[in-house]
Amino acid sequence: MAYSTTLSSSFFLLFLIGLLLSVSILAREPFACDPKDATTKALPFCQVSLPIRERVKDLIGRLTLKEKVGLLVDNAGAVPRLGIKGYEWWSEALHGVSNVGPGTKFGGDFPGATSFPQVITTAASFNATLWEAIGRVVSDEARAMYNGGVAGLTYWSPNVNIFRDPRWGRGQETPGEDPVLAGNYAASYVKGLQGNDGERLKVAASCKHFTAYDLDNWNGVDRFHFNAQVSKQDIEDTFDVPFRMCVKDGKVASVMCSYNQVNGIPTCADPKILKNTIRGQWRLNGYIVSDCDSVGVYYDTQHYTSTPEEAAADAIKAGYFAGLDLDCGPFLGVHTENAVQRGLVSEADVNNALVNTITIQMRLGMFDGEPSAQPYGNLGPKDVCTPAHQELALEAARQGIVLLKNQGPSLPLSHLRHRTIAVIGPNSDVTVTMIGNYAGKPRMDGVACGYTTPLQGIGRYAKTIHQQGCKDVACGDDQSFGAAIDASRQADATVLVVGLDQSIEAEARDRAGLLLPGRQQELVSKNDPQITAILWAGYPGQAGGTAIADVLFGTTNPGGKLPMTWYPQEYIANLPMTNMAMRSSPSKGYPGRTYRFYKGPVVYPFGHGISYTNFVHNVASAPPVVGVPLDGRRRFGNVTVSGKAIRVTHAKCKGLSLGIQVDVKNIGSKDGSHTLLVYSKPPAGYWVPHKQLVAFEKVHVPAGTQQRVGINIHVCKFLSVVDRSGIRRIPMGEHSIHIADIKHSVSLQAATLGVIKS
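Residues numbered from 1 in each chain as written. Predicted model: local features only at pLDDT ≥ 70, side-chain atom pairs only at ≥ 80, totals over all residues. Heavy atoms only, no water.

Colleague: Got a minute to help me understand helix 16 (residues 481–489) in this structure?
Modeller: Working note: α-helix, 3.6 residues per turn, so residues spaced by three or four point in the same direction. Among the residues making up helix 16, those that are buried are F481, A484, I485, A487 and S488. End-on, the buried residues of helix 16 take up no more than an arc of 155°, which puts them together on one face. (Buried < 20%, exposed > 50% of the residue type's maximum accessible area, 1.4 Å probe, protein only. Helix = DSSP H or I, 4+ residues; strand = E, 2+ residues; numbered from the N terminus. Arc of directions from axis to C-beta.)

In structure tokens form, the structure reads like this:
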């Protein structure tokens, strides 16, 4: 076919996007402590003037064992004699109040909720202020729906697992491959969800899935059977970091344990991680919940215990004061009473679990009587899908789009020169695809929280000629290629919108490869083998089409950065998803995982993303030396620094930070937002990363101007590394701080003479 000459006058934009009831609405009646109920309103657990711990103790003391067991499951039973209604704990709000989970029902006055971009896209903004703002909006809508009687107040979000392997079907739900990025996202989003009213919670978030969970179904291995073999080093410096930040910095109300085993023990039955880590080291002020049916899975599927009663007892006793507090599923409700009768677990253990869950319900105000009289009680249908909420969803999509390539430059498109646009590809006119999984529920009629497809968005700027080319992302044949090529010939520019959807990557579905599915690449090549510009939008949410068009035509200057590495297909050729090791092993031919430990070829690196303008950087001020004081309360005697590194627990960490002032100048002709990614390259050592992200800041810089950005790097948290024993240490000596193309060396020095034993 002789079409290349005709097409040569146009350039092509390859656009990759990955991967959407009718009920009557009643006003929410009090969950408990109804002021109209004379038999219960005077009981101590209903007295808001009393401390919550006293109210919880009073309530638990009034429950029978059977009633207590009925409260150990997500579909918690009612206790009518005490005026307590049943409650469904399971609701989801990964990037909008979701229709996943039985705790939420859409319809009537609440036909939909704002659907923000999938987390992997929002993470690309590297904007913690945005993440917290999204959390505030989602919790507004959640509270409004709770007040309307169609939602709960406990949301099992966010997913902060590490996107370790690019094939993982749920990588889309995560903030990406870097633990510090994921941890910052977790803390920010949780703060937005839970509010800032002290102990009172707006909604209760849950960081999931703890821990080392990042395989769903690959090559015959599924998450229900997988035993993740993970070193102490990788647990401490990679897999647990986002959860630690979620609990300690975000003050999350819950942690969810995962399906898989870690080193032979189911996570939901492991006292080392539930008791020692989550409750002991991190001091979780909340409850631990299982992933749905996890307790049943480790009994029925993993055969971890001989009897169901033993399985129930192992879960409940796995921590202090409790292990697992709540079972998403029926298992504990069915088997706990028998476990108590057999002496495998005590009623006191059950009480300890209920202390944690009921405390959260009281912090949510569920035992404070009339919902309308409480904080947030005025929220209702008018507060869902508001113009401001929809505008934030659009802004989040704009900030998450990443410009990967722009030869020429080809973008932005010109209103004068590009009057007709060919819009081609299986994702060119999609709706549900744009929101990914665990999504908020946009209305299908286009009203309120409706969709804007890429085709519709582009159509607001120019005349469009639309041909899908492939009927779906599987792209099994080339029957429609000819029509797509003809459309390109008639246009001033061609936009190809290709990529994935939930049929390729999803929960319980890991990807088979890293290339475009089916014959999509052939569709791209037949239009033009030389793509001059590439954008990545991930799953851009309900307003994705508008955001895409705004970037294409320059209304928005793209500023997103990739939160994950783009590997070539060859990377996974001999790389089992089941190998959990982060660090490379050249002698074994093992390449390592993520930018921190992999040094081979990439398609695009973590943190890549360009702009329609140009920024230059200069370190205005930074210290050449930072002293690391030792904790003077310890007694160590005449000892030396072990391996020229100080244990974090032996350093005086409070307030110990490295302050850097960076000038960012926009030397281009367009205003733009810029992300400063700050990396540290520690002193050489066999267990240190090649480099690691230690800070990031978002700054808006008008064309021709300069902004000074202050960056504070917590030395103990972010300039430390983890040795092979899983001990976090601060290496003494030269640390190289990298910001774009500039470097600054800072020497960390022990502030006293005799030091620390290892």
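Having seen it, we continue.
Colleague: Explain the layout of surface pockets to me, please; I cannot follow it from the model alone.
Modeller: A water-sized probe rolled over the atoms picks out the places where empty space is left. Roughly 1200 Å³ of volume is contained in the largest pocket. Along the walls of the largest pocket sit 38 residues, with E236, R244, Q281, W282 and R728 positioned nearest its centre. Among the elements of the structure, helix 7 (232–239), helix 8 (241–248), helix 9 (271–281) and helix 20 (715–718) are those that each provide at least two residues to the lining of the largest pocket. The dominant element in the lining of the largest pocket, judged by the number of residues it contributes, is helix 9, at five residues. Looking at the lining of the largest pocket residue by residue, the classes come out as 13 nonpolar, ten polar and 15 charged. (1 Å grid on protein atoms, 1.4 Å probe; cavity = no way out; pocket = protein on both sides within 12 Å on 5 of 7 lines; lining within 4 Å. Points joined across faces, edges and corners; volume = space filled by probe spheres on them. Nonpolar A, V, L, I, M, F, W, Y, C, P; charged D, E, K, R; others polar.)

Colleague: Sorry, what's going on with the state of the cysteines here?
Modeller: Two cysteines, two sulfur atoms, one covalent bond between them: this is a disulfide. Tallied over the entire structure, the rule returns seven disulfides. A sulfur-sulfur separation of 2.0 Å characterises the disulfide bridge that pairs C470 with C475. One quick way to see it: the torsion about the S-S bond of C470 and C475 is about -40°, and its sign makes the bridge left-handed. Across the pair, C475 and C470 agree in class, each one buried. Linked covalently through their sulfurs, C653 and C716 form a disulfide whose S-S length is 2.1 Å. On the sign convention where negative means left-handed, the S-S torsion of about -90° between C653 and C716 marks this disulfide as left-handed. You can see C653 sitting in the loop between strand 21 (645–647) and strand 22 (657–666) and its partner C716 sitting in helix 20, a full 63 residues away along the chain. We note that C653, like C716, is buried. (Disulfide = S-S within 2.5 Å.)

Colleague: Explain unusual backbone geometry here, please?
Modeller: A negative phi angle is the norm for most residues apart from glycine, just as the trans form is the norm for most peptide bonds. In this model, F210 is joined to T211 through a cis peptide bond whose omega is 5°. Omega for the peptide link from L411 to P412 comes to 0°, which places this bond in the cis form. Note that P412 resides in the loop between strand 14 (402–406) and strand 15 (420–424). For N263, which is not glycine, the phi torsion reads 55° and is therefore positive. Structurally, N263 can be placed in the loop between strand 11 (261–262) and strand 12 (265–266). In the Ramachandran plot, R283 falls in the positive-phi region, its phi being about 60° despite a non-glycine side chain. Within the secondary structure layout, R283 lies in the loop between helix 9 and strand 13 (287–290). For R283, a relative accessible area of 65% puts it in the exposed group.

Colleague: Is there a simple way to explain the sheet that holds strand 12 in this structure?
Modeller: Pairing between the strands of a sheet is mediated by backbone hydrogen bonds and can be parallel or antiparallel. One open sheet accounts for three strands, arranged 9-11-12; its pairing is mixed. Bordering the open sheet on either side are strand 9 (227–228) and strand 12, each of which pairs with just one other strand. Sheet topology places strand 11 next to strand 12; two bridges connect them, and they run antiparallel. Pairing of Q261 across the sheet is with P266, part of strand 12. (Pairing = 2+ DSSP bridges.)

Colleague: What's the story with the environment of K248 in this structure? I'm lost.
Modeller: Mapping K248 onto the fold places it in helix 8. The exposure class of K248 is partly exposed, given its relative accessible area of 41%. Each C-alpha atom, one on K248 and one on P568, is 37 Å from the other, the two residues being 320 residues apart in sequence. Filtering out sequence-adjacent residues up to four positions away, K248 remains in contact with Q281 and W282. (Contact = heavy atoms within 4.5 Å.)

Colleague: Any chance you could explain the sheet that holds strand 21 here in plain terms?
Modeller: The antiparallel open sheet is built from three strands, whose spatial order is 21-27-26. Of all the strands in the sheet, the pair left with one neighbour each is strand 21 and strand 26 (721–722). For strand 26 and strand 27 (residues 728–731), the ladder comprises two bridges, and the chain directions are antiparallel. Across the sheet, residue V721 finds its bridge partner in strand 27, namely R729.

Colleague: Help me out: how do you make sense of the confidence of the model for the chain in this one?
Modeller: The predicted structure's coordinates, where accompanied by low pLDDT, should not be read in detail. Mean pLDDT over the chain stands at 92; residues scoring 70 or higher make up 92%. Considering only residues more than four positions removed or in separate chains, one finds that residues 1–25, a stretch of pLDDT under 50, has 109 contacts. Counting interchain partners and residues more than four positions distant, the pLDDT-below-50 stretch residues 753–758 has 23 contacts. (pLDDT = per-residue confidence, 0-100.)

Colleague: Teacher, can you tell me more about the packing of helix 7 against helix 8 here?
Modeller: Packed helix pairs are specified by the crossing angle of their axes together with the interaxial distance, meaning the distance between the axes. In contact at an axis separation of 5 Å, helix 7 and helix 8 are set at 50° when each is read in the N-to-C sense. As the angle between them shows, helix 7 and helix 8 are arranged oblique. Contact residues: E236, D237, T238 and F239 in helix 7; V241, P242, F243 and R244 in helix 8. Taken together, the residues of the contact of helix 7 with helix 8 break down into four nonpolar, one polar and three charged. (Axes fitted to C-alpha atoms, helices over the stretch in contact; angles between N-to-C directions. Parallel < 35°, antiparallel > 145°, perpendicular 65-115°, else oblique.)

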